[in-house]
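Observations on the three-dimensional arrangement
The primary structure of each chain is shown beneath.
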Amino acid sequence: MKKIYLDFAATTPTKKEVVQAMNPFFSNKFGNPSSLHGFGREARAAIDLSREKVALYLNCEPEEVIFTSGGTESDNLAISGVVFDYLFKAKKKPHIIISTVEHHAVLHTCQYLENKSEAEVTYIKVDGRGMVNPEDIKKAIKQNTILISIMYANNEIGTIEPIREIGKMIEKENRDRKNKIVFHTDAVQAVGSLNCDVKYLHVDLLSLSAHKFGGPKGIGALFVKKGIKIKNLIHGGGQEYLKRAGTENVPGIVGMAKAVELLRIKKIIILRDRLIDGVLKTIPDTILTGHPEKRLPNSASFCFKFIEGESILYNLDLEGIAASSGSACTSGSLEASHVLLACGFDHKTAQGSIRFTLGENTTNEEIKYVLKVLPPIIKKLRKMSPFGRKNV
Ligand code: PLP
């Protein structure tokens, strides 16, 4: 059976050039970068070069790039790192602002700090398309606000948040403040699709993860602007400028840098729009979730009324099509997505959500095949559903 992968927001295949670049660092170039001999120096040089490549992409200095184990760790380090550094110096409880549609790596970290009474958190509501309003963020700022974290692009519905606008607003606010507000963005879904120049975005911290853009799993980075103080969460050696201890994942770092080097924004917008138009035209009672224009180039997400996303997924899988019913971390559970609930959908509608995310090599034929197979699946499931019979 033909297999079609439309779940590139969950993960991407590691590109062959990336595997090739990584290979020597598993075998003959196996040195520990902290060793002073030739083997160690060879590995250190590879890390230094990789850091330069990532810095070039982000338009920052190499010393501002901290390698981590992925997006989740970068988000944890950004948020807890800023909070713990503050608590170390001041005894007052800090205040954080995030949106209600953040990835769980941000949401759960903030909830943990809140439950431990280490921070106070304000959750900014989004509109029906998943967009935050910078004005709402501005209004939520308090005297003890030390951190604002808003994702660049949403992993479930693809909506792009106005990061540059928020960054400029925070910079303006900071002019008259003694305790400056740090601005973090989770750019895990944005890398490769959107401009991630940290100066253009006016961000202090930015998270990225290699497996979302053709790199290997288990490696990511956090951009930490010079002068921004964060406490390390992993204690040990002096690696990563004392911000993240542990022997570096040299093959992973080299692979991530290669993947960054290979990034090209492909014209997948045309295929995405073909899929969106086709689905909305052929399947009644379907809602496009997220923003109709300000959305990731590769992301098409829908709610199909009267049925559950999980059963659509199962039937698509039988036809060789891999999609997702939300973020990879929450699919597999029947809970309605927190993102869709935050956008104002009711539980029932939110449970009928499906996300297709396209990749660089997705073809027109694959999209045509999805558009042929999907409508009869929805029709069949609605016939079986007690809520759907009248709508088929
Ligand atoms: N942030 C966002 C927006 C994501 O989509 C993901 C992964 O799905 C993560 C963070 C976590 O990244 P990682 O899988 O590298 O831990």
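Here the structure is shown first, and the text comes after it.
Attention here is on the structure that accompanies the text. (Residues numbered from 1 in each chain as written. Predicted model: local features only at pLDDT ≥ 70, side-chain atom pairs only at ≥ 80, totals over all residues. Heavy atoms only, no water.)

To continue, consider the overall build of the protein. The helix and strand tally for the protein stands at 13 helices and 12 strands. Relative to a compact globule of 392 residues, whose C-alpha radius of gyration would be 21 Å, the protein shows 22 Å and is just as compact. Along the three orthogonal principal directions, the C-alpha set of the protein runs to about 70 × 55 × 35 Å. Burial status across the protein gives 56% buried among its 392 residues. Residue pairs at least 24 apart in sequence account for 73% of intrachain contacts in the protein once pairs closer than 6 positions are excluded. Carbon and sulfur atoms make up 54% of the accessible area of the protein, which amounts to about 17500 Å² in all. Taking the average place of the 55 positive charges on the side chains of the protein and the average place of its 43 negative ones, the gap between the two points comes to 2 Å. (Helix = DSSP H or I, 4+ residues; strand = E, 2+ residues; numbered from the N terminus. Rg over C-alpha atoms; globule rule 2.2 N^0.38 Å. Buried < 20%, exposed > 50% of the residue type's maximum accessible area, 1.4 Å probe, protein only. Contact = heavy atoms within 4.5 Å. Areas by Shrake-Rupley, 256 points an atom, 1.4 Å probe, with all protein chains shown as cover. Lys, Arg positive; Asp, Glu negative; His and termini not counted. Charge placed at Lys NZ, Arg CZ, Asp CG, Glu CD.)

Let us look at the site of the ligand. Taken together, 13 residues lie near the ligand, and Thr 72, Asp 186, Gln 189, Ser 209 and Lys 212 sit nearest. Ser 209 is positioned such that a nitrogen or oxygen atom in its side chain is 2.6 Å from an oxygen atom of the ligand. Protein contacts shield 89% of the accessible area of the ligand, which totals 390 Å² for the unbound molecule. When residues in the shell around the ligand are grouped by element, the largest group, three residues, is from helix H3 (residues 71-89). (Near = heavy atom within 4 Å. Polar contact = N/O pair within 3.5 Å; in protein donor to acceptor, adjacent residues only side chain to side chain.)

Okay, the packing of helix H9 (residues 269-282) against helix H13 (residues 364-384) next. Two numbers describe how H9 lies on H13: the axes approach to 10 Å, and their chain directions differ by 15°. Here H13 runs roughly parallel to H9, going by the angle between their axes. In the crossing of H9 with H13, the sense of the turn from one axis to the other is right-handed. When H9 is examined against H13, the residues Leu 271, Arg 274, Leu 275, Gly 278, Val 279 and Thr 282 are found in contact with a partner set consisting of Asn 364, Ile 367, Val 370, Leu 371, Leu 374 and Pro 375. Here the residues of the contact of H9 with H13 sort into eight nonpolar, three polar and one charged. (Axes fitted to C-alpha atoms, helices over the stretch in contact; angles between N-to-C directions. Parallel < 35°, antiparallel > 145°, perpendicular 65-115°, else oblique. Left-handed = near helix turned anticlockwise from the far one by under 90°. Nonpolar A, V, L, I, M, F, W, Y, C, P; charged D, E, K, R; others polar.)

Turning our eyes to something else, we now look at the side chain of Asp 204. Relative to the helices and strands, Asp 204 resides in the loop between helix H7 (198-201) and strand E7 (205-209). Here Asp 204 is in contact with Ile 181, Val 182, Phe 183, Phe 223, Val 224, Lys 225 and Ile 228, once residues within four sequence places are set aside.

For the rest of this paragraph, the subject is the pattern of salt bridges. Any two side chains of opposite charge can pair, on the condition that their charged atoms come close. The final tally for this structure, using the stated rule, is 11 salt bridges. Ionic pairing is found between Glu 120 and Lys 142, a salt bridge with its closest N-O pair at 2.3 Å. Of this pair, Glu 120 sits in strand E4 (residues 120-124) while Lys 142 sits in the loop between helix H5 (134-140) and strand E5 (145-149), placing them 22 residues apart in sequence. Of the charged contacts, one joins Glu 261 and Lys 258 as a salt bridge, the two residues approaching to 3.1 Å between their closest N and O atoms. Here Glu 261 pairs with Lys 258, and both are found in helix H8 (residues 250-261), just three residues apart, close to one helical turn. Under the relative-accessibility criterion, Glu 261 is labelled partly exposed at 42%. A cluster of three or more residues bridged by salt bridges with shared partners is formed by Lys 53, Lys 258 and Glu 261. (Salt bridge = Lys/Arg side-chain N within 4 Å of Asp/Glu carboxyl O.)

Another aspect to go through is the sheet that holds strand E3 (residues 95-99). The strand order across the open sheet formed by seven strands is E2-E8-E7-E6-E5-E3-E4, and the pairing between neighbours is mixed. Strands at the two margins of the open sheet, each flanked by one partner only, are strand E2 (65-68) and E4. Going from strand to strand, the sheet's axes swing by 20° on average, the running direction of each strand aside. For strand E6 (residues 182-186) and E7, the ladder comprises three bridges, and the chain directions are parallel. Each bridged residue has a counterpart across the sheet, and for Asp 186 the counterpart in E7 is Ser 207. (Pairing = 2+ DSSP bridges.)

Time to look at helix H10 (residues 309-318). Those residues of H10 lying buried are Gly 309, Ile 312, Leu 313, Asn 315 and Leu 316. The inward-facing, buried residues of H10 contact strand E10 (299-304), strand E11 (321-322), strand E12 (353-357) and H13. A positive backbone phi angle near 85° is found at Gly 320, which sits one or two residues after H10.

Strand order in the open sheet made by the three strands is E9-E10-E12, with antiparallel pairing throughout. With partners counted over all chains shown, the strands left at the sheet margins are strand E9 (286-288) and E12, one partner each. This sheet shows a mean twist of 25° between the axes of neighbouring strands, independent of strand direction. When E10 meets E12, the two strands line up antiparallel, connected through five bridges. Within E12, the residue paired with Phe 302 across the bridge is Ile 354.

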